[in-house]
Amino acid sequence: MPAERLMPTTESADLIDLVRDIAGKELRPRVDEAERTGTFPREVFRTLGRTGLLGLPYPEDVGGGGQPYEVYLQVIEEIASAWASVGVGTSVHALSCFGLFHVGTPEQQERWLPEMLGGELLGAYCLSESHAGSDPAAMRTRAVREGDEYVLNGAKAWTTHGGVADFYKVMARTSDDGGRGISCFLVPADTPGLTADNPEQKMGLMGSTTATVLLDDVRVPVERRLGEEGQGLSIALAGLDAGRLGIAAAATGVAQAALDTAVAYAKERETFGRAIIEHQGLAFLLADMAAAVESARATYLAAARLKDLGRPYGRQASIAKLVATDNAMRVTTDAVQVLGGAGYTRDFPVERYMREAKVMQIFEGTNQIQRLVIGRHLAR
Ligand SMILES: Cc1cc2nc3c(=O)[nH]c(=O)nc-3n(C[C@H](O)[C@H](O)[C@H](O)COP(=O)(O)OP(=O)(O)OC[C@H]3O[C@@H](n4cnc5c(N)ncnc54)[C@H](O)[C@@H]3O)c2cc1C
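Please read all numbers here as calculations on a predicted model, not as lab measurements. (Residues numbered from 1 in each chain as written. Predicted model: local features only at pLDDT ≥ 70, side-chain atom pairs only at ≥ 80, totals over all residues. Heavy atoms only, no water.)

Colleague: Whenever I open this one, the overall build of the chain confuses me. Can you help?
Modeller: Across its full length, the chain holds ten helices and ten strands. Here the C-alpha radius of gyration of the chain, 21 Å, is about what a compact globule of 380 residues would show, namely 21 Å. By its C-alpha atoms, the chain is 80 × 45 × 40 Å across when sized along the principal axes. Within the span of the chain, comprising 380 residues, buried residues form 54% of the whole. Contacts in the chain between residues at least 24 apart in sequence constitute 73% of all its contacts with a sequence separation of at least 6. As displayed, the chain has an accessible area near 16,400 Å², and 52% of this comes from carbon and sulfur atoms. (Helix = DSSP H or I, 4+ residues; strand = E, 2+ residues; numbered from the N terminus. Rg over C-alpha atoms; globule rule 2.2 N^0.38 Å. Buried < 20%, exposed > 50% of the residue type's maximum accessible area, 1.4 Å probe, protein only. Contact = heavy atoms within 4.5 Å. Areas by Shrake-Rupley, 256 points an atom, 1.4 Å probe, with all protein chains shown as cover.)

Colleague: Looking at this model, I keep getting lost on a negative patch on the surface. Mind explaining?
Modeller: A cluster of like negative charges, contributed by Glu11, Asp14, Asp17, Glu60 and Asp61, occupies part of the molecular surface. Tracing the backbone shows Glu11 in helix 1 (residues 10-37). Residue classification places Glu11 among the exposed residues on the basis of a relative accessible area of 53%. (Patch = residues over 30% accessible without salt bridge, like charges linked within 9 Å, V, L, I, M, F, W, Y side chains within 5 Å. Salt bridge = Lys/Arg side-chain N within 4 Å of Asp/Glu carboxyl O. Lys, Arg positive; Asp, Glu negative; His and termini not counted. Charge placed at Lys NZ, Arg CZ, Asp CG, Glu CD.)

Colleague: What is the right way to read the site of the ligand from this model?
Modeller: With respect to spatial proximity, 17 residues lie near the ligand, and among them Ser128, Ser134, Trp158, Thr366 and Gln368 are the closest. Backbone polar atom of Leu127 to an oxygen atom of the ligand: 3.0 Å apart, as the coordinates give it. Between Ser134 and the ligand, the recorded distance is 2.6 Å, taken from a side-chain N or O atom to an oxygen atom. In isolation the ligand has 980 Å² of accessible area, and contact with the protein removes 66% of it. Top contributing element to the shell around the ligand by residue count: strand 3 (residues 149-160), with three residues. Split by residue class, the shell around the ligand holds seven nonpolar, eight polar and two charged. (Near = heavy atom within 4 Å. Polar contact = N/O pair within 3.5 Å; in protein donor to acceptor, adjacent residues only side chain to side chain. Nonpolar A, V, L, I, M, F, W, Y, C, P; charged D, E, K, R; others polar.)

Quick look at the structure:
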């Protein structure tokens, strides 16, 4: 059963219908096979791009869809409920455009934003390194200025779309001044010296390629630096506030899919002469799952509305990410329980949902880091 949504305009309600249509025709028929074989669905992202879904939260005059976050996130949720890897990828693409949109010069924006937001080009966001995940200020990748160019050397770990993206937003160290010594660069995939290692063999999200991006004397012209030297970490972290909302929405989509599968199964499956949903013990489990999904959605929408009003929303973004991904983990685990032995097999998607929910508690800041961010806000 599709989630009940109160969209702010008729146009946005039509957009949700369009996304459901695309999910039914382009995503659901492909998801099982691609997730089993670990195939990255590049053509699906091309379809989303051409339909305008990859640039939704950016203004129309720079090639985006001009949608508020309240709408954009519900689109991410719908996509992720059909295919988590694609929902996450859509959010990561938006994250990789964030710096150019917010701190790019008018010349930089005019030159690159339309093609990035138009969806022909797919983006990746390179902040983490193998020893610098929760603590990105510990990064070692260097960008050394030589005349009108920077020369980048290092390895950016865990890059979603590593090896399949068309451009990389790379954070690299331009001085030894800790978090203030990091700068941000927009690097096209075909730049000599940029390669990707073999993809990680992950527990889930097999359709989303994750790889270390290797930078070996990669020459980047000065005009591809975003913002000032030393501004890179703050650009990266500001983007993460928005990105965390995308992950909260994706997690809610996965949880909604798990709930739908569990309810449908519970109405069919009989024990002791009645459908299992008629047993109060099981109906209560389903009721808690439904409450967890709806409260996750309400939490990310509350944060999105603050963002849409131009108000600070960092604390609420961390709360949304924490609540939605912890709820998704619980809901997907309980969905496996509702299906009993069948839930533990690959005959049903709930075991996959459970594996997908797990990583959402880890990336874009682990849920321990979200608690740290929320705690710091409370201490101010
Ligand atoms: C599938 C996948 C895709 C990813 N995609 C991207 C991407 O596109 N771009 C990118 O830049 N990164 C990406 N990441 C990296 C991701 O953001 C990091 O894995 C994450 O930030 C955690 O870093 P870490 O793995 O180094 O864990 P660590 O930082 O080593 O943490 C290990 C454990 O210690 C806990 N911990 C650490 N510090 C504290 C603290 N101060 N207080 C309490 N607990 C703490 C953590 O919560 C965690 O449980 C991806 C990761 C995965 C798995």
